Amino acid sequence: MICVSSKLGFMIGVAATTALNAIACPLPLNDLDQQGIAELWTASDLILVDTASRDGVSTIAGSVNVVEIDAVFSGESDIALWPEANPDSCMLLLPSSGTTSTHRKLIALRLAGLTHVVTCIRSMVAAAEGDREYLMSSPAHAFGLGRWLATLTRGGTLILDEGPFNPMRALLTIQKQECSVLTGAASNFAMLLANFSDYLAERRDSLRWIEMSSVPLARELKLKLMQILP
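What comes next is a walk through the structure. (Residues numbered from 1 in each chain as written. Predicted model: local features only at pLDDT ≥ 70, side-chain atom pairs only at ≥ 80, totals over all residues. Heavy atoms only, no water.)

**A look at the nonpolar core**
Right, so step 1: Membership of the largest hydrophobic core comes to 22 residues, with the highest contact counts inside it found for Tyr-134, Leu-182, Leu-193 and Leu-200.
Right, so step 2: At the level of elements, α7 (167-176), α8 (186-195), α9 (197-201) and α10 (219-228) are the ones that each hand at least two residues to this core.
Right, so step 3: If one sorts the elements of this core by residue count, α8 sits on top with five residues.
Right, so step 4: Ile-2, Phe-10, Met-11 and Val-67 belong to the second-largest nonpolar core, a separate cluster that totals 20 residues. (Core = buried A, V, L, I, M, F, W, Y, C linked by side-chain atoms within 4.5 Å. Buried < 20%, exposed > 50% of the residue type's maximum accessible area, 1.4 Å probe, protein only. Helix = DSSP H or I, 4+ residues; strand = E, 2+ residues; numbered from the N terminus.)

**Some details on the side chain of Thr-183**
Right, so step 1: Here Thr-183 is to be found in strand β8 (residues 181-185).
Right, so step 2: Setting aside residues no more than four positions away along its own chain, Thr-183 makes contact with Glu-133, Tyr-134, Leu-135, Met-136, Ser-137, Phe-143, Arg-147, Phe-189, Trp-209 and Glu-211. (Contact = heavy atoms within 4.5 Å.)

**Remarks on the sheet that holds strand β3 (residues 65-68)**
Paired through their backbone hydrogen bonds, the strands of a sheet run either parallel or antiparallel.
Right, so step 1: Strand order in the open sheet formed by three strands is β1-β2-β3, and the pairing between neighbours is parallel. The open sheet has two edge strands, β1 (2-3) and β3, and neither has a second partner.
Right, so step 2: Here strand β2 (residues 46-49) runs beside β3; their pairing, made up of four bridges, is parallel. Residue pairing for β3: Val-49 is matched across the bridge by Glu-68. (Pairing = 2+ DSSP bridges.)

**Notes on the packing of aromatic side chains**
Right, so step 1: By the definition in use, this model includes one aromatic pair.
Right, so step 2: Between the aromatic rings of Phe-196 and Tyr-199, the centroid separation amounts to 6.5 Å while the plane-to-plane angle is 55°, which identifies the pairing as tilted.
Right, so step 3: Taking relative accessible area as the criterion, Phe-196 reaches 17% and is therefore assigned buried. (Phe/Tyr/Trp six-rings, centres within 6.5 Å; stacked < 30°, edge-to-face > 60°.)

**Overview of α8**
Right, so step 1: For α8, the full list of buried residues reads Ala-186, Asn-188, Phe-189, Ala-190, Leu-192 and Leu-193.
Right, so step 2: Taken together, the buried residues of α8 touch α7, β8, α9, β9 (209-213) and α10.

**Thoughts on the sheet that holds β9**
Right, so step 1: Here we have four strands laid out as an open sheet, ordered β7-β6-β8-β9, and parallel in their pairing. With partners counted over all chains shown, the strands left at the sheet margins are β7 (157-159) and β9, one partner each. Across the sheet, the mean angle separating the axes of adjacent strands is 20° when strand polarity is ignored.
Right, so step 2: Alignment of β8 against β9, held across five bridges, turns out to be parallel. When the bridges of β9 are listed, Gly-184 appears paired with Met-212. (Axes fitted to C-alpha atoms, helices over the stretch in contact; angles between N-to-C directions.)

The structure is reproduced here in structure tokens:
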């Protein structure tokens, strides 16, 4: 189980867990009241936490081993590496509310499936090792997960901000970090186009490509996007 508050902590947790040939299951503390979630915590072999979530997790973890993510990242953990993973084994349980319920569901993803997703993403976009990608979506969402796996395994640079999406901060970061790629959900792009289209247009010479996910973007916003980023 991975219960961390930061985006970077989530990414480190998933990478560290899968490197151990274990199954990563990221769940925030506010999901504990969801049906069936508490049983997952007590059935876990280990829970990765950060400082912000440590106290809350410790009160419910019982006898489950709780390890701080900083210890894993610094190599101070005494967890031994496991054998090389089986491509057909489950590597990630990704939480999703789906479209039919407010209760969290866990989607089982195999190592072979995750590898195939990365391969497909690479075949569809003109990514390069020198790309500097600003990811507007959460790396814990399905789209964000695919993006950071595809970018980092290619040798690109991934740039993101902690906390919720902030359009002005995003635009300033894109400029400061000289980003060549912009990716995110349609809602992120809609917010930029509705309120900050002039600032986005200023990045037209530095952005090589963009990728959008999630719900459809309104037609007028699509046309506007095509106009300012031809």
